[in-house]
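The residues making up each chain are set out below.
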There are 2 protein chains.
Amino acid sequence: MVRRARSGQVGVVDLARELGVSTATVSRALNDSRAVRPELAERIRAHAHERGYVPNRLARALSASVSRAFVGFVVPYVDTPAYSAVAAECARLLSAGGTQMILTITENDPERELRQLRELTASRVAGLVISPSTHMLPESRELLASIPVVELHRASGITAPGVFSDDERVLDEAVGHLAGLGHRAIAYLGTPEALSNGAARLQGVRHAMGAAGLDPDAMAVHLAEPTPGNGRRGVDALLDARPAPTALLVVGGALSIGTAQRVRERGLRLPDDLSLVVYGDPVWFALSDPPLTTIRVSYSEHARRAAEMLTDLLGEDPDARPAPGPHLVVPELRVAGSTGPPRHG
Amino acid sequence: MVRRARSGQVGVVDLARELGVSTATVSRALNDSRAVRPELAERIRAHAHERGYVPNRLARALSASVSRAFVGFVVPYVDTPAYSAVAAECARLLSAGGTQMILTITENDPERELRQLRELTASRVAGLVISPSTHMLPESRELLASIPVVELHRASGITAPGVFSDDERVLDEAVGHLAGLGHRAIAYLGTPEALSNGAARLQGVRHAMGAAGLDPDAMAVHLAEPTPGNGRRGVDALLDARPAPTALLVVGGALSIGTAQRVRERGLRLPDDLSLVVYGDPVWFALSDPPLTTIRVSYSEHARRAAEMLTDLLGEDPDARPAPGPHLVVPELRVAGSTGPPRHG
DNA sequence: TTGAAAGCGCTAACAT
DNA sequence: ATGTTAGCGCTTTCAA
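The sections below set out a description of the structure shown in this document.

Conventions and cut-offs
Residues numbered from 1 in each chain as written. Chains lettered and ligands numbered in written order. Predicted model: local features only at pLDDT ≥ 70, side-chain atom pairs only at ≥ 80, totals over all residues. Heavy atoms only, no water. Core = buried A, V, L, I, M, F, W, Y, C linked by side-chain atoms within 4.5 Å. Buried < 20%, exposed > 50% of the residue type's maximum accessible area, 1.4 Å probe, protein only. Contact = heavy atoms within 4.5 Å. Salt bridge = Lys/Arg side-chain N within 4 Å of Asp/Glu carboxyl O. Helix = DSSP H or I, 4+ residues; strand = E, 2+ residues; numbered from the N terminus. Expected span 1.5 Å × (residues − 1). Arc of directions from axis to C-beta. Near = heavy atom within 4 Å. Polar contact = N/O pair within 3.5 Å; in protein donor to acceptor, adjacent residues only side chain to side chain. Nonpolar A, V, L, I, M, F, W, Y, C, P; charged D, E, K, R; others polar. Buried area = accessible area lost by both parts, 1.4 Å probe. Pairing = 2+ DSSP bridges.

With respect to the nonpolar core
- Counting 102 residues, the largest nonpolar core has F73 and L249 of chain A together with F73 and L249 of chain B as its most contacted members.
- For L249 of chain B, the residues in contact, after removing those within four places along its chain, are L171, A174, V175, I186, A187, Y188, L189, V205, V277 and I295 of chain B.

The structure is reproduced here in structure tokens:
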């Protein structure tokens, strides 16, 4: 049969022919196999470099029994710092190891998520970082069981290591802060209980209420998928209820963005009309007037941990593999001007 | 030779055997080739679906003469809305066409950029969206000439369609606004001239100064790579110079973020101590106190255009292919509270 | 319209 | 230590 149009690219066969060795030897030399005479290996590598040889990642990955050519990065959204910052950092760190990162957005849709997971395995990804959708399908769960996975922000109940924010602790602090200022009517805006972090946060804030001598059951609660739009709606729902809360605790990055917008639109003066605690990293929480009291989450730290864990998971050394389960990053309460004593205290 | 451990996955050979047809026919049916009897094709597709067949994208891409399995998305950073929003939207739109997006970060380093472009071609990407680094290497340029490319935000001088912001026009408006308020000492903080958008912006603002009856050469100028850190430093450099400017025009998203921070840190009251115009999309420019007068760029529009153009570029229809050269998205001046008459007018 | 078989570019088992 | 050769899973010639 006629050879298909050559891409003009040099391949192992070219190198082998040019050096008078076999393709196997070339392959070995290029993969740092010790089974090649060092000087020969060096000569091959030099020649490959000179000829501008770039191995075909597809062929390599298809052929090799194990390949680290690709990993998947699966998140519900990426236009919010919680995801974009982590995506960037992971792509960077992984590229150092010669791994390319395939980015997919689920939009928090379980069907879409499953489809994308299938497509990712079809691309023979070595592993993936995933921030599961709210109602992950059983098929997705099964699929994830068959491949190295690091969870991010949210847990889906699979056996895998994950990087999460240690919200419960800081919530004690935040609620204590508000209670200490004299607030009794504290409203809570958070993520749904169906989300692992939503459940943890709600539990944390309820516990914190009790610890602060307040009745958790009296606390106004609004839970919603983490989008800025839902943050806005949450503000309206909570502040329009009677009796109106004197303090609002928002636990969720995207929700906090919408909250800040909506609170401003409603013309509320902070902290006189309302004490506000938000959540996340955005630098601009500090630019607001007054600067917002924030539960600060270091997304860059999350990123570093996630990338490292995935790398270790894919590495040769079994001892370096991270244990399944949560690996927590501790957020920090930054008290600023948006919290103060209640006006009608 | 012994068959390697079967992955348990069904493949075309399995399907072919089970249906008593050849792998070629299966492949044809699965690829909607018209050269298969419709009912047979349907039967094959049904069976494939039933068996949960998922084609190996690597094998497909390796084998096929042309494949749309992967595209690359190459940007200097991704932790800023100008890139993260576009990345998300592109990944979403492309996945609809069965294409996966490989995300790579150059950190604006030309060497890193070249390496990543090589690796991307090694993955046989069908095309790519790129926001070139400031000093792209000739090798990178060559490489880009051999593959469908859409430029984003910045142009690198190659022959390719690109999506850019139409800054020159809006700068006339912005400078006119400031001049109309009585400002004569306007300082400009922007991106370097080595960056296509930097050159266009500087030219635009100089032209605008002239049009407003001001001397472009008297304008204080500070140019720097678009990072928040450089925005902060730029503020210091421009405001500490004497005579101090009464207005500051920042043209660059990342620079604007740093600017907003630094201006606040310096305790400046806007617009009394300084009139400030920033650039970008961030919702929080509106949350600042006072809300910042902003040159608003719709990154989501950029994203849509870029994804569409890449899709069309890769499509069958030659008539749908976007023409090389700039495709402009028009930003909009949003006057808010950070601009007013100069105090010492 | 279908099948047989040759690759895509590489790695890895087996033999030497 | 090196070569020979059989795949990886698919697409695509070529022949029928």
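Still to come is the rest of the account.
What about the pattern of salt bridges?
- Using the criterion set out here, one finds 48 salt bridges over all chains in the structure.
- A salt bridge links E107 of chain A to R92 of chain B; its shortest N-O distance comes to 3.5 Å. One end of the pair, E107 of chain A, is in the loop between β2 (100-105) and α6 (110-122); the other, R92 of chain B, is in helix α5 (residues 81-96), on a second chain.
- R92 of chain B sits in the partly exposed class, given a relative accessible area of 27%.
- Ionic pairing is found between R262 of chain A and D236 of chain A, a salt bridge with its closest N-O pair at 2.9 Å. Of this pair, R262 of chain A sits in helix α11 (residues 253-265) while D236 of chain A sits in helix α10 (residues 228-239), and the two are 26 residues apart along the sequence.
- In the salt-bridge network here, residues are joined through shared partners; they are R232, D236, D240, R262, E265 and R266 of chain A.

Looking at α10 of chain A
All names here are of chain A.
- Compared with the 16 Å implied by 1.5 Å per residue over 12 residues, the 17 Å span of α10 between its first and last C-alpha is a close match.
- Of all the residues in α10, the buried ones are N230, G231, G234, V235, L238 and L239. In an axial view of α10, the angular spread of the buried residues amounts to 150°, which keeps them on one side of the axis.
- The inward-facing, buried residues of α10 contact β6 (186-190), β7 (220-223), β8 (247-251) and α11.

Some points on the protein's contact with DNA strand C
- Taken together, 32 residues sit near DNA strand C, with R60 and S63 of chain A together with T25, R28 and R37 of chain B positioned nearest.
- Across the atoms of DNA strand C situated within 4 Å of the protein, the share located in sugar and phosphate is 68%.
- Taking T25 of chain B, its side chain carries an N or O atom lying 2.6 Å from a phosphate oxygen of DNA strand C.
- Within the side chain of R28 of chain B, a nitrogen or oxygen atom sits 2.5 Å from a base oxygen of DNA strand C.
- Those elements that provide at least two residues to the surface near DNA strand C are α2 (23-30) and α4 (57-63) of chain A together with α2 (23-30) and α4 (57-63) of chain B.
- Of the residues forming the surface near DNA strand C, the biggest block, 4 residues, is contributed by α2 of chain B.
- Of the residues contributing to the surface near DNA strand C, the split by class is 13 nonpolar, 12 polar and 7 charged.

Some details on the interface of chain A and chain B
- Taken residue by residue, the interface counts 45 residues in chain A and 46 residues in chain B.
- Three residues stand out in chain A for area buried against chain B, namely L58, R264 and L287 of chain A, and they jointly supply 16% of the buried area on that side.
- Inspection of the region where chain A meets chain B yields 6 salt bridges.
- E119 of chain A is the partner of R57 of chain B in a salt bridge, and the nearest nitrogen-oxygen pair spans 2.6 Å.
- Summed over the shared surface of chain A and chain B, the number is 14 residue pairs in polar contact (both at pLDDT 80 or more).
- When contributions to the side of chain A that touches chain B are tallied by element, the ones reaching two or more residues are α4, α5 (81-96), β2, α6 and α11 of chain A.
- If one sorts the elements of the side of chain A that touches chain B by residue count, α5 of chain A sits on top with 7 residues.
- For the side of chain A that touches chain B, a count of residues per class yields 25 nonpolar, 10 polar and 10 charged.
- Direction of pairing for β2 of chain A relative to strand β2 (residues 100-105) of chain B: antiparallel, over a ladder of 3 bridges.

Examining the environment of F285 of chain A
All names here are of chain A.
- The topology assignment puts F285 in the loop between β9 (275-280) and β10 (293-296).
- On the basis of relative accessible area, F285 is assigned to the buried category, the value being 2%.
- For F285, the residues in contact, after removing those within four places along its chain, are S256, V278, Y279, G280, P291, L292 and T294.

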